[in-house]
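So the chains spell out like this:
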Amino acid sequence: MTAKSAAAAARATVYGYPRQGGNRDLKKAIEGYWKGRVGADALRATAAELRRTNWRQLTEAGIDEVPTGDFSYYDHVLDTTVMVGAIPERHREALDADALDGYFAMARGTQRVAPLEMTKWFDTNYHYLVPELGPDTRFRTDSRKQVAELTEALELGHTARPVLVGPVTYLLLAKPAPGVAEDFDPLTLLDRLLPVYAEVLADLRAAGARWVQLDEPALAQDRSPAELNAAGRAYRELGTLTDRPQLLVASYFDRLGAALPVLAKAPVDGLALDFTEAAAANLDDLAAVGGLPGKRLVAGVVNGRNIWINDLSKSLATLGTLLGLADHVDVAASCSLLHVPLDAAVERDIDPQILRWLAFARQKSAEVVALANGLTHGTGSLTAELSANRAALASRAQSPVTHDPAVRARAAAVTDADARRSQPYARRAAAQRERLGLPLLPTTTIGSFPQTGELRTARADLRTGRIDTAAYEERIAAEIREVVAFQEKAGLDVLVHGEPERNDMVQYFAERLTGYLATRHGWVQSYGTRYVRPPVLAGDISRPEPMTVRWAEYAQSLTARPVKGMLTGPVTMLAWSFVRDDQPLGETARQVALALRDEVNDLEIAGTSVIQVDEPALRETLPLRAARHPEYLAWATEAFRLTTGGVRPDTQIHTHMCYAEFGDILAAIDALDADVISLEAARSHMQVARELAKADYPREVGPGVYDIHSPRVPDEEEVTALLRKGLEAIPAERLWVNPDCGLKTRGWPETRAALHELTAAARTLREALRTAGG
Ligand code: GLN
Ligand code: ZN
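Heads up: these notes are all about the structure in this document. (Residues numbered from 1 in each chain as written. Chains lettered and ligands numbered in written order. Predicted model: local features only at pLDDT ≥ 70, side-chain atom pairs only at ≥ 80, totals over all residues. Heavy atoms only, no water.)

**Digging into the packing of helix α4 (residues 89-97) against helix α5 (residues 99-108)**
Okay, step 1: Close contact between α4 and α5 brings their axes to 5 Å; oriented N to C, the two are set at 150 degrees. Judged on the interaxial angle alone, α5 and α4 are roughly antiparallel. Crossing angle aside, the handedness with which α4 passes α5 is right-handed. Residues His91, Ala94, Leu95 and Ala97 of α4 lie in contact with α5, whose contacting residues are Ala99, Gly102, Tyr103, Ala105 and Met106.
Okay, step 2: For the contact of α4 with α5, the per-class residue count stands at 7 nonpolar, 2 polar and no charged. (Axes fitted to C-alpha atoms, helices over the stretch in contact; angles between N-to-C directions. Helix = DSSP H or I, 4+ residues; strand = E, 2+ residues; numbered from the N terminus. Parallel < 35°, antiparallel > 145°, perpendicular 65-115°, else oblique. Left-handed = near helix turned anticlockwise from the far one by under 90°. Contact = heavy atoms within 4.5 Å. Nonpolar A, V, L, I, M, F, W, Y, C, P; charged D, E, K, R; others polar.)

**So, the coordination of the zinc ion (ligand 2)**
Okay, step 1: Within the protein, the zinc ion (ligand 2) binds to His656 (NE2), Cys658 (SG) and Cys741 (SG); these donor distances fall in the range 2.0 to 2.2 Å.
Okay, step 2: What the 4 donor atoms of the zinc ion (ligand 2) show is an angle range of 90 to 122 degrees at the metal, which sorts the shape as tetrahedral.
Okay, step 3: Linear spacing of the donor residues for the zinc ion (ligand 2) on their chain is H-x1-C-x82-C. By the burial criterion, His656 is buried, and Cys658 matches it. (Donors = N, O, S within 2.8 Å, 3.2 Å for Na, K, Ca; no water. Tetrahedral: all angles 85-135°; square planar, octahedral: opposite > 155°, others 65-115°. Buried < 20%, exposed > 50% of the residue type's maximum accessible area, 1.4 Å probe, protein only.)

**Considering the site of ligand 1**
Okay, step 1: With respect to spatial proximity, 13 residues lie near ligand 1, and among them Ser448, Glu499, Asp614, His656 and Lys744 are the closest.
Okay, step 2: Between ligand 1 and Glu499, the relevant distance is 2.9 Å, taken from a nitrogen atom to a side-chain nitrogen or oxygen of the residue.
Okay, step 3: Here ligand 1 loses 95% of its free accessible area of 300 Å² to cover by the protein chains. (Near = heavy atom within 4 Å. Polar contact = N/O pair within 3.5 Å; in protein donor to acceptor, adjacent residues only side chain to side chain. Areas by Shrake-Rupley, 256 points an atom, 1.4 Å probe, with all protein chains shown as cover.)

**Section: the pairing of strand β16 (residues 536-542)**
Okay, step 1: Across the 7 residues of β16, 6 count as buried, placing the element largely inside the fold.
Okay, step 2: Pairing geometry for strand β13 (residues 514-517) and β16, over 3 bridges, is antiparallel. Bridge pairing in β16 links Leu517 to Val536.
Okay, step 3: With 2 bridges joining them, β16 and strand β18 (residues 578-579) adopt parallel strand pairing. The partner of Leu537 across the bridge, within β18, is Val579. (Pairing = 2+ DSSP bridges.)

**A word on unusual backbone geometry**
Okay, step 1: Even without being a glycine, Arg24 presents a positive backbone phi close to 50 degrees.
Okay, step 2: In this structure, Arg24 sits in the loop between β1 (12-13) and α1 (25-34).

**Focus: empty space enclosed by the protein**
Okay, step 1: Considering all chains together, one arrives at 5 cavities of 30 Å³ or more under this definition.
Okay, step 2: Within this model, the largest cavity holds a volume of roughly 240 Å³.
Okay, step 3: Along the walls of the largest cavity sit 21 residues, with Asp70, His76, Val163, Val165 and Asp215 positioned nearest its centre.
Okay, step 4: Elements with a contribution of two residues or more to the lining of the largest cavity: α3 (76-83) and β6 (160-165).
Okay, step 5: Of the residues forming the lining of the largest cavity, the biggest block, 4 residues, is contributed by α3.
Okay, step 6: Tallied by class, residues from the lining of the largest cavity come to 10 nonpolar, 7 polar and 4 charged.
Okay, step 7: Considering only enclosed or pocket space, the second largest cavity measures out at about 80 Å³ in volume.
Okay, step 8: Around the second largest cavity sit Tyr17, Pro18, Arg19, Arg51, Asn54, Trp55, Leu58, Pro67, Asp70 and Phe71, which together line it.
Okay, step 9: Here the lining of the second largest cavity is built from residues that sort into 6 nonpolar, 1 polar and 3 charged. (1 Å grid on protein atoms, 1.4 Å probe; cavity = no way out; pocket = protein on both sides within 12 Å on 5 of 7 lines; lining within 4 Å. Points joined across faces, edges and corners; volume = space filled by probe spheres on them.)

**Quick word on the environment of Ala206**
Okay, step 1: By the element assignment, Ala206 lies in helix α8 (residues 190-206).
Okay, step 2: Separated by 38 residues in sequence, Ala206 and Arg244 place their C-alpha atoms 8.8 Å apart.

**Here we look at the layout of surface pockets**
Okay, step 1: If you add up the space inside the second largest pocket, you get close to 750 Å³.
Okay, step 2: Along the walls of the second largest pocket sit 23 residues, with Val82, Ala99, Asp142, Arg144 and Lys145 positioned nearest its centre.
Okay, step 3: Broken down by secondary-structure element, the contributors of at least two residues to the lining of the second largest pocket are α2 (40-61), α3, α4, α5 and α6 (144-155).
Okay, step 4: Looking at the lining of the second largest pocket element by element, the count peaks at 6 residues for α6.

**Examining the side chain of Ser448**
Okay, step 1: Counting through the fold element by element, Ser448 comes out in the loop between α17 (425-436) and α18 (453-464).
Okay, step 2: In terms of polar contacts, Ser448 uses its side chain to reach the backbone amide nitrogen of Lys744, at 3.1 Å.
Okay, step 3: Residues contacting Ser448, with those up to four places away along its chain left out, are Gly498, Glu499, Gly742, Leu743 and Lys744.

**A short note on the pairing of strand β17 (residues 565-568)**
Okay, step 1: Neither face of β17 is open: one carries Gly565 and Leu567, the other Met566 and Thr568, and all of them are buried.
Okay, step 2: As judged from the 4 bridges shared by β17 and strand β19 (residues 610-614), these two strands associate in the parallel manner. Across the sheet, residue Gly565 finds its bridge partner in β19, namely Ile611.

**A few points about helix α9 (residues 225-239)**
Okay, step 1: Taking 1.5 Å as the rise per residue, α9 with 15 residues should run 21 Å; its terminal C-alpha atoms sit 21 Å apart, in good agreement.
Okay, step 2: Taken together, the buried residues of α9 touch α7 (167-173), α8, β8 (211-215), β9 (246-250) and α10 (259-265). (Expected span 1.5 Å × (residues − 1).)

**Things to note about the pattern of salt bridges**
Okay, step 1: Applying the stated criterion across every chain, the model contains 56 salt bridges.
Okay, step 2: A salt bridge links Arg44 to Asp41; the shortest N-O distance between them is 3.6 Å. Here Asp41 and Arg44 lie together in helix α2, a separation of 3 residues that amounts to about one turn.
Okay, step 3: A relative accessible area of 40% means that Arg44 is categorised as partly exposed.
Okay, step 4: Between Arg90 and Glu132 there is a salt bridge, with the nearest N and O atoms lying 2.9 Å from each other. You can see Arg90 sitting in helix α4 and its partner Glu132 sitting in strand β5 (residues 132-133), a full 42 residues away along the chain.
Okay, step 5: Sharing partners across several salt bridges, the network here consists of Arg396, Arg408, Asp540, Arg580, Asp581 and Asp582. (Salt bridge = Lys/Arg side-chain N within 4 Å of Asp/Glu carboxyl O.)

**Describing the sheet that holds β8**
Okay, step 1: Strand order in the open sheet made by the 8 strands is β1-β12-β11-β10-β9-β8-β6-β2, with parallel pairing throughout. Looking at which strands have only one partner, the edges of the open sheet turn out to be β1 and β2 (66-68).
Okay, step 2: Note: β9 against strand β10 (residues 270-274), 3 bridges, orientation parallel. By the bridge assignment, Leu248 is partnered in β10 with Gly270.
Okay, step 3: Packed onto the sheet, α8 meets β6, β8 and β9 and runs at close to 165 degrees relative to β6.

**Some details on the sheet that holds β18**
Note: strands within a sheet are paired through backbone hydrogen bonds, in either parallel or antiparallel orientation.
Okay, step 1: Pairing in this open sheet of 3 strands is mixed, and the strands run β13-β16-β18 from one edge to the other. The sheet terminates laterally at β13 and β18, the two strands that pair on one side only.
Okay, step 2: Here helix α23 (residues 585-605) sits on the sheet in contact with β16 and β18, set at roughly 55 degrees to β16.

**Points about the side chain of Gln221**
Okay, step 1: By secondary structure assignment, the location of Gln221 is in the loop between β8 and α9.
Okay, step 2: There is a polar contact of 2.7 Å between the side chain of Gln221 and the side chain of Arg223.
Okay, step 3: Not counting the four nearest positions on each side in its chain, Gln221 is found in contact with Phe122, Leu624 and Arg625.

**A few points about the packing of aromatic side chains**
Okay, step 1: Tallied over the entire structure, the rule returns 17 aromatic pairs.
Okay, step 2: Between the aromatic rings of Trp34 and Phe104, the centroid separation amounts to 5.4 Å while the plane-to-plane angle is 90 degrees, which identifies the pairing as edge-to-face. One end of the pair, Trp34, is in helix α1; the other, Phe104, is in helix α5, and 70 residues separate them in sequence.
Okay, step 3: Pairing Trp551 with Tyr554 gives two aromatic rings, centres 6.2 Å apart and planes at 80 degrees, and the pair type is edge-to-face. Placement of both Trp551 and Tyr554 in helix α21 (residues 549-557) is noted, with a separation of 3 residues, approximately one turn of the helix.
Okay, step 4: Under the relative-accessibility criterion, Tyr554 is labelled partly exposed at 23%. (Phe/Tyr/Trp six-rings, centres within 6.5 Å; stacked < 30°, edge-to-face > 60°.)

And the structure:
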């Protein structure tokens, strides 16, 4: 690589940074504000201080252009809703009375008004608030937040680039407002929305913005010709404005694909593309459109959503190729660093040999800077960094942590037969009926019972040493006794132990599997003030000893009814962790599946006749682009079958998924070959049951009849009505009766009441079926 002239120096930039601060300061301030302990001014001051700290960190690391507007009190899509004035009618009053309280009311609801719906931001674990739009939506510009944050950064002396959710993505993320026809297409509002963006751009220009970034990740998904047309129109219109800053249109999470030629032709000044996982595809597509003459290309070569160090030499090679394809190449992380924890350097409990493989937001910013320097001044200027990077990568590649010969040999020896039950479903179903002797419409729950404050306190006390393991375990045992006794009294048929020992359904297993690590401070925003600390799946996975058998056995010893064993499935274990990037996901999934398979088999040996393997993340992990679905579904379903394939025909395998949109994975659900599946269905009035029936799903189904998301208790009639709906789709011999999901977030009073109604409804209906059947 040759050194470029000074005028062409590559700039280092990022699109966003963790918002919470080093001690989750933002969470504390906001929750304090909600409780009335922190005043609005104090909250604003904390927020401003956090922004200042972030910009200082970035600038000191050598980032040339810092982002502004990426900060949020709750969510950047909600901020965009405020910016364009798309305030739902029901929230107007609160917002007019007080901007901050009205904002939080939209995010969280109040006694009187429902919040906006929340859903996942593309295929990440971040949740955004879904804009509600309709034919009557009138947009109105409110650029105050964006202008104020830019002004703050400029006054502090930073070179700053406001980052906005782009208009096309904003509309594609929206849904019809309540009361608006289901088939209303928010994209039809584009012409009304563009003038608002034009005003925001003019305001930012007036406030001193030279560049503004418009994020269009929705264009990295499969898009129809009409949608691509809309994107072309949007950027033609914004690009030909006279009073505007330079425009950088950013895409990430996948290749830009068919949207690339559209944006390449548009009169915008730069494009930002993801050159991590989609590197090869984006490089090919760029070459195919003849590069980006006259435009700035921002190359996202540092993965913004995993926690691994970058391969600097490889990135430099990519950047070198890109120099031939655009007038000017800058360097960035592939997406906002919001998706990774703040700083790996504060992790004291991780083996230093492994810590050197990790890069969180601070380390990633430094990598971006190093790469920009390498691009500008040639690799010669990076000798020290490159050799340290090579050494760290080599240590990872050769480590026994990432290469356990026993795990590798076992995974390599897996055969098709391992991932298949020994008998077809019909034979198994007969054997299970015989063994379990369950009534028609058997009742069960999804696994967890209320995680009471007491349980959480006991866990905290154990951690701090206030109680010893024996005392903690007695507390858990007592809880299991109570949960089992209650279920017997309520008349449930297949019981659960209630999962009181599990802090979290992924973390619990991660802590017990070799190859996983935990961070102390690795918080990542899930939504609003909720932060999670995903475990790090760093190496080859094995199970040193049984993880759930002891409590399962204990619970079973308390009752003659079957107690379901309860495990988190391999796909969900991957989906809610930071996963290693040095081998295909399918291989990692297979290792996890084999470890879980041992657990399933041990549960069976211990006498468990029903075992549930939860896969709530199966749907959400679906790759953004359809072309990648088959490969994903193949390894995902194989991993599930490998987990469950080793049991006897008369052991009943259940699975559970939440979420209501299954349409696109029906075939995969079938391919799991689970004997029983429970699904969320109450709010959609059993729609899932109808969809499964339409697809001729042959096995047993428990569409949820009790929405566990609120404390509201359904009454028997309501449950009966839902069950009757279920029976229209699924024959009684294959229909189960259960809630939508686990009960861990519920309190005991409503749980007791609701489950009594649920079993009563099942009894009533069984009786009715008996009389009708003669
Ligand atoms: N078994 C888990 C529970 O009951 C399932 C949770 C989930 O589906 N997210 O809590
Ligand atoms: Zn669930």
